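# Coordinate analysis (summary)
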Amino acid sequence: LGFLSPLLRLAVLGGYSFLVGFQAPVMRAFLRRAIGPALVRQKGLTSLQIEAATVVLALSLYPPWILSRSFLMSWMCGLAMCSPRLWVKRPHIDLAVKCYAFLLPFCGGSPLSILWNILLAPFVGILLFPASLLVVIFPPLHGLTDILWTAFIALLKLGPQSTPWLTFFSAQELCWLPAVVHMALLVMEVRWRRAHAFSYS
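Let me begin by describing the structure that accompanies this report. (Residues numbered from 1 in each chain as written. Predicted model: local features only at pLDDT ≥ 70, side-chain atom pairs only at ≥ 80, totals over all residues. Heavy atoms only, no water.)

Evaluated as defined, the whole model comprises zero disulfides. Cys77 supplies the cysteine sulfur nearest to Cys99, a cysteine that is in no disulfide, at a spacing of 4.6 Å. In this structure Cys99 comes out as buried when scored by relative accessible area, which is 19%. No disulfide involves Cys107; its sulfur sits 8.2 Å from the nearest other cysteine sulfur, which is in Cys77. Judged by its relative accessible area of 39%, Cys107 falls in the partly exposed class. (Disulfide = S-S within 2.5 Å. Buried < 20%, exposed > 50% of the residue type's maximum accessible area, 1.4 Å probe, protein only.)

Across its 14 residues, helix H4 (residues 69–82) extends 20 Å between first and last C-alpha, which sits within 8% of the 20 Å expected from 1.5 Å per residue. Buried within H4 we find Phe71, Leu72, Ser74, Trp75, Met76, Gly78, Leu79, Ala80 and Cys82. (Helix = DSSP H or I, 4+ residues; strand = E, 2+ residues; numbered from the N terminus. Expected span 1.5 Å × (residues − 1).)

Closest axis-to-axis distance for the H4/helix H5 (residues 91–103) pair is 9 Å, and the angle between their directions is 140°. Accordingly, the angle class assigned to the pair H4 and H5 is oblique. Between H4 and H5 lies a crossing of right-handed hand. Across the interface between the two elements, Met73, Met76, Cys77, Leu79, Ala80 and Met81 from H4 touch Leu95, Lys98, Cys99, Phe102 and Leu103 from H5. (Axes fitted to C-alpha atoms, helices over the stretch in contact; angles between N-to-C directions. Parallel < 35°, antiparallel > 145°, perpendicular 65-115°, else oblique. Left-handed = near helix turned anticlockwise from the far one by under 90°. Contact = heavy atoms within 4.5 Å.)

This is how it looks when you write it as structure tokens:
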């Protein structure tokens, strides 16, 4: 959607949010897109700070989301994307590894899933998501989307199949985790900025 104007882009994303029933992770992402640019221009906030503002706004609009597993996982994914890079020259691998680590308490799986996610990401981003969005505008194209979804499910079945963890943590047990991780990352960011601001090297 990068070719669209900011307002039109928000309108499209808002329409998509409506079509999926204003689900928690979709709304979190939409709110971040809505408030992020203004916070950068006017306040000079960092990505981590914008994530914090987004979460506060989302929970202010609908407090029960704090016990939504999908909202908590979306929050953790946002933190993974904002956290410092481990491999600067390999951004896709870096993001896949961090998302795996950040989501591990919510859905434990095989480490092989990291590689599999890296391989599937282009299929989802380049083909599946745009086609699914296009069929909303042009419903007769649903046959093409059905073919892509069938292929995607077949690819998932070919990937590593790990058994679920014996220990399952509910959303109520994990609702504190994103907030603690977020706070820790914010503290690290402030310390890093102070160290560089007052460095003489």
